[in-house]
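The primary structure of each chain is shown beneath.
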Amino acid sequence: MNRLTRRIGDASALRPWVTIGAWVTALALVLPLAGLVGGSFVDDLVAPGSQSEKAMELLEDRFPEASGGSAVAVFAVPEGERIDRHRPAVEAAVDRIADVEHVATVTDPFTGGTISPDGRIGYVQVAFDVPPMKVDPRQIDALSDAIEPVRGDGVVAELGGDAVFINAETPTSGAEAAGLLSALVILVVAFGTIVAALVPVALALVAVAAGLGSIALLAHATEVSTAAPTIGAMIGLGVGIDYALFIVARCRENRAAGQDNSTALSNAMSSSGAAVLFAGGTVVVAMSALALTGLGFLTSIGLSTSLVVLFAVATALTLLPALLSLLGDRIHRGRRRFRGSRMRRFRKSESPESPEQTAWWRFAHRVSGRPWPYLLAGSAVLLALAIPALRMETGFPDAGNDATSTTHRRAYDLLAEGFGPGFNAPLLIVADLNSPGVDAEGIPELSRRIADDPGIASLGEPRFSTAGDTVVLPVLPTTAPADAATADTLGRVRGIIPDNVTVSGLTAMTDDLTRQLADTLPVFIAAIIVVSFLLLMLVFRSVAVPLKAAVMNLLSIGGAYGVVVAVFQWGWLGGLFNLHETMLIASPLPTIFFAVLFGLSMDYEVFLLSRVREEYDATGDPTESVARGMAVTGRVITSAALIMTVVFLSFVANPSPLVKMMGLGLATAIVLDATIVRMVLVPAAMALLGRAAWWLPRPLDRRLPRIAAESAEDMEGDDVAPPPEPTPAPTVRIS
């Protein structure tokens, strides 16, 4: 692996303009093509094999007019007024809505009885002739244009319903730019020069741009979740900056040790470049494992994020060495000037510092001297943070969780106010009259039994298909979509219906998704842990190191889960994150979160332990190798963790509940991983393990392929210099 990344880096550095030209050409092709033929984003909320899926398939086959998506145009006037005073304007809007492409039927609120009891709120039910996931966003825009004139008449007009909520684009907050600016400040502090700080940010932007363009092209070929671009950008910015940071820091470290520019870069690509390749591969494996859930929207998020991460790795291994080769010593430009004693102190900081002079080295030895107290204390903190996760309640985000700046959230609130919270959680009872069970004569009795349930607010008239073989009963519960009582009502209804009757509708579909996610999560977690264990065992030739990494990653992930539950579900410190109400944890979050975080946590594990292994091979001292490994990576990994944290925290301002939760959870986990895990648990555990940390059974050692770092002797045949001996910490600045 080291030899491969060295050769890739050397080839890019020898032909920098060719490499840069190739990237410019790729962007010039991908971005315009994405704008021209890129698909729209949509959430496939069908749980394979679920009752709701069977119901939808039956309707699409026999009763297509009942399987289409629906939207609701809501009109409201101030307190004390009545909507019928604006009847001409509303009816004109109804006519315009009826002319929108793929709109099958429209109900008039004044003749259809869809006016609230106080006469203040009315709605227009819009039925499409295509399923809700296949409604084109352009049709939603056309509906918005159709109701716009009503607003000029002094009426509040909003769009809601399943088709609008499902096809709504994930909004952004603009705070991501602040996260990038904060990352740039951290890089300036870490490197001391503006040019060196700008390079990782520029590479991350290139990777994200190429990745988002590829995601748009992927959406042309298959269904891609609306959350995929945001999550891909979040992860891409973090890893893109970090991967470039690790290589640039190692290159500057080699320069500080006296190597010329080309040798320093080549050796950095051999060591840190290999770590970047492996770390990125781990993230890709973890994200691709989302396909194990069998859910289309999660699979699309995993594939989309993997694309962005692959571009981040590619830019770090090719574009970065090309830029560093062209910049040469100019990478140190933009350094601040100091006078007098400040200048002398600054120059002193430029001289190489031995690991023994760093606080990281001293703290590692302090922990190693008393490993048990530190190990128990650190574990206790993480376990305490994880306690709220034991009370986690999950549910699928609905329109009521979105920002009030969105039209579907405002429509949701108006409908709940005028017609009750259950209006936003419609269920669809579907009976297959060709199968054994209830027949046409038994539908009234079935309707009565369903209506008798205390969680049912109303039951509509049954609708029969043209062939008379399928019947649909619309049902409204008494509670909101994300309310736990609604899931209980759904369960009771499913318990009393015959075998040839199923329940569908968006509420039932999302409930089935939540249940399937809960069932597949243990298998998903086990698969990721096993694969990452095997990969780390291959790289570090050890059994204990990957086992330790898996356990500590689980601890940091559990702590982050607990913080998310405490903030979003319990409301602790909610005002700090601009939360005005508590909410259930988005059911896709635990699965997506585990995949992302396990991959990112392995990044720091790889970068730290690869240096620890270098030192152990050089000294044979397990305790000293950990201390020196922490000393030479401490400042860089801390800077990388700070960058990840500010980038992820910037997404907390995103209006999407799922993105907001992910931003806070990932930021929390990175902080825990970079402090308690890396500074306390790793040195304590490695001190207790001693030489056993690097033990691998000989039969296994002989059979496993070798992808770990090659020694200098292994590379004697290469046309480049071998990697340098362990060098001082990357905290130095080169003048």
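Note: the structure precedes this text.
Described below are features of the structure shown in this document. Because the structure is a prediction, the values reported are computed rather than measured.

What counts as what
Residues numbered from 1 in each chain as written. Predicted model: local features only at pLDDT ≥ 70, side-chain atom pairs only at ≥ 80, totals over all residues. Heavy atoms only, no water. Helix = DSSP H or I, 4+ residues; strand = E, 2+ residues; numbered from the N terminus. Rg over C-alpha atoms; globule rule 2.2 N^0.38 Å. Buried < 20%, exposed > 50% of the residue type's maximum accessible area, 1.4 Å probe, protein only. Expected span 1.5 Å × (residues − 1). Arc of directions from axis to C-beta. Polar contact = N/O pair within 3.5 Å; in protein donor to acceptor, adjacent residues only side chain to side chain. Pairing = 2+ DSSP bridges. Axes fitted to C-alpha atoms, helices over the stretch in contact; angles between N-to-C directions. Core = buried A, V, L, I, M, F, W, Y, C linked by side-chain atoms within 4.5 Å. Contact = heavy atoms within 4.5 Å. Salt bridge = Lys/Arg side-chain N within 4 Å of Asp/Glu carboxyl O. Phe/Tyr/Trp six-rings, centres within 6.5 Å; stacked < 30°, edge-to-face > 60°. Parallel < 35°, antiparallel > 145°, perpendicular 65-115°, else oblique. Nonpolar A, V, L, I, M, F, W, Y, C, P; charged D, E, K, R; others polar.

Remarks on the overall build of the chain
Then, number 1: Helix and strand counts for the chain come out as 25 helices and 11 strands.
Then, number 2: In terms of overall size, the chain behaves like a compact globule, its C-alpha atoms giving a radius of gyration of 29 Å where 735 residues would be expected to give roughly 27 Å.
Then, number 3: Each principal axis of the C-alpha distribution contributes one length, and for the chain these read about 85 × 50 × 45 Å.
Then, number 4: Across the 735 residues that make up the chain, the buried fraction comes to 58%.

Here's the deal with helix H19 (residues 484-496)
Then, number 1: Between its terminal C-alpha atoms H19 stretches 19 Å, which fits the 18 Å expected from 13 residues at 1.5 Å a residue.
Then, number 2: Residues of H19 that are buried include every one of Thr 486, Thr 489, Leu 490, Val 493 and Arg 494, and no others. All buried residues of H19 project into a common sector of 135 degrees when viewed along the axis, lining one side.
Then, number 3: Its side-chain oxygen 2.9 Å from the backbone nitrogen of Ala 485, Asp 483 forms the N-cap of H19.

Description of the sheet that holds strand E2 (residues 103-106)
Then, number 1: The 4 strands lie next to each other as E2-E3-E1-E4, forming an open sheet whose pairing is antiparallel. Both outer strands of the open sheet, E2 and strand E4 (156-160), are each paired with one neighbouring strand and no more. Recorded for the sheet is a direction-independent mean angle of 20 degrees between the axes of neighbouring strands.
Then, number 2: The pairing of strand E1 (residues 70-76) with strand E3 (residues 121-128) spans 7 bridges and is classified as antiparallel.

A short note on the nonpolar core
In globular proteins that are soluble, nonpolar side chains generally tend to be buried together.
Then, number 1: Tyr 243 and Phe 648 are the most contacted members of the largest nonpolar core, which has 166 residues in total.
Then, number 2: Per element, the largest residue contribution to this core is 19 residues, and it comes from helix H24 (residues 657-689).
Then, number 3: Those residues within four positions of Phe 648 in sequence are excluded, and the remaining contacts are Met 234, Ile 235, Leu 600, Gly 663, Leu 666, Ala 667 and Ile 670.
Then, number 4: Formed by 27 residues, the second largest nonpolar core is a distinct cluster that contains Ala 71, Ile 83, Leu 143 and Leu 159.

Section: the pattern of salt bridges
Then, number 1: Counting across every chain of the model gives 25 salt bridges.
Then, number 2: Asp 432 is paired through a salt bridge with Arg 62; the nearest N and O atoms lie 2.3 Å apart. Of this pair, Asp 432 sits in strand E6 (residues 427-432) while Arg 62 sits in helix H3 (residues 51-62), and the two are 370 residues apart along the sequence.
Then, number 3: Among the residues examined, Asp 432 registers a relative accessible area of 12% and is labelled buried.
Then, number 4: Here Glu 445 makes a salt bridge to Arg 448, at a shortest N to O gap of 2.4 Å. Here Glu 445 pairs with Arg 448, and both are found in helix H18 (residues 443-451), just 3 residues apart, close to one helical turn.
Then, number 5: The partly exposed category is assigned to Glu 445, whose relative accessible area is 38%.
Then, number 6: Ionic contacts of the salt-bridge type, sharing partners, join the residues Glu 79, Asp 118, Arg 120 and Glu 417 into one network.

Section: the packing of aromatic side chains
Then, number 1: Using the criterion set out here, one finds 13 aromatic pairs in the structure.
Then, number 2: On the numbers, 5.2 Å between centres and 40 degrees between planes, the contact of Tyr 561 with Phe 593 is tilted. Remark: Phe 593 occurs in helix H22 (residues 589-619) and Tyr 561 occurs in helix H21 (residues 544-569); sequence separation between them is 32 residues. Assigned by exposure class, Tyr 561 and Phe 593 land together as buried.
Then, number 3: Within the aromatic cluster, the residues linked to one another by ring pairs are Tyr 123, Phe 419 and Phe 423.

Concerning the environment of Pro 388
Then, number 1: Mapped onto the fold, Pro 388 is located in the loop between helix H16 (371-386) and strand E5 (394-395).
Then, number 2: By relative accessible area, which is 9% here, Pro 388 ends up buried.
Then, number 3: Once the C-alpha coordinates of Pro 388 and Leu 513 are considered, the two residues, 125 residues apart in sequence, prove to be 23 Å apart.
Then, number 4: In this view, Pro 388 contacts Gly 562, Val 565, Ala 566 and Trp 570; residues no more than four positions away in its chain are not counted.

Focus: the packing of helix H11 (residues 228-256) against H22
Then, number 1: At a minimum axis separation of 12 Å, H11 and H22 run at an interaxial angle of 5 degrees. Between H11 and H22, the crossing angle belongs to the class labelled roughly parallel. When H11 is examined against H22, the residues Ile 231, Ile 235, Val 239, Asp 242, Tyr 243, Phe 246, Arg 250 and Glu 253 are found in contact with a partner set consisting of Ile 592, Val 596, Leu 600, Asp 603, Tyr 604, Phe 607, Arg 611 and Glu 614.

A look at the packing of helix H12 (residues 261-288) against helix H13 (residues 296-327)
Then, number 1: With their axes 8 Å apart at the nearest point, H12 and H13 run at an angle of 175 degrees to one another. The angle between the axes of H12 and H13 places the two elements in the roughly antiparallel class. Judged by residue contacts, Leu 265, Met 269, Gly 273, Val 276, Leu 277, Gly 280, Val 283, Val 284, Met 287 and Ser 288 of H12 engage Ile 301, Gly 302, Thr 305, Ser 306, Val 309, Leu 310, Val 313, Ala 316, Leu 317, Pro 321, Leu 324 and Ser 325 from H13.
Then, number 2: Here the residues of the contact of H12 with H13 are counted per class, giving 15 nonpolar, 7 polar and no charged.

Points about the environment of Arg 87
Then, number 1: Considering the arrangement of structural elements, one finds Arg 87 in helix H5 (residues 87-98).
Then, number 2: Here Arg 87 falls in the partly exposed class, since its relative accessible area comes to 34%.
Then, number 3: Within the structure, Arg 87 has its side chain in polar contact with the side chain of Glu 91 (distance 2.8 Å).

Concerning the pairing of strand E10 (residues 501-504)
Then, number 1: Here E10 shows two buried faces, one formed by Val 501 and Val 503 and the other by Thr 502 and Ser 504.
Then, number 2: By the bridge criterion, 4 bridges tie E6 to E10 in an arrangement that is antiparallel. Residue pairing in the sheet places Ala 431 in a bridge with Val 501 of E10.

Remarks on unusual backbone geometry
Then, number 1: Positive phi is not limited to glycine here, since Arg 541 has a value of about 50 degrees.
Then, number 2: In this structure, Leu 573 is a non-glycine residue whose phi angle is positive, near 55 degrees.
Then, number 3: Along the chain, the position of Leu 573 falls in the loop between H21 and strand E11 (585-586).

Considerations on the pairing of E1
Two faces make up the sheet, and in a regular strand the side chains alternate between them.
Then, number 1: Counting buried residues along E1, 6 of its 7 residues qualify, which places the element largely inside the surrounding structure.
Then, number 2: Of the pairings in the sheet, the one linking E1 to E4 comprises 5 bridges and is antiparallel in character. Within E4, the residue paired with Val 74 across the bridge is Glu 158.

Remarks on the side chain of Ser 556
Then, number 1: Along the polypeptide, Ser 556 turns up in helix H21.
Then, number 2: A distance of 3.0 Å separates a polar side-chain atom of Ser 556 from the backbone oxygen of Asn 553.
Then, number 3: Each residue touching Ser 556, except ones within four places of it in the same chain, is listed here: Leu 382, Ser 601, Ala 669, Leu 672, Asp 673 and Val 677.

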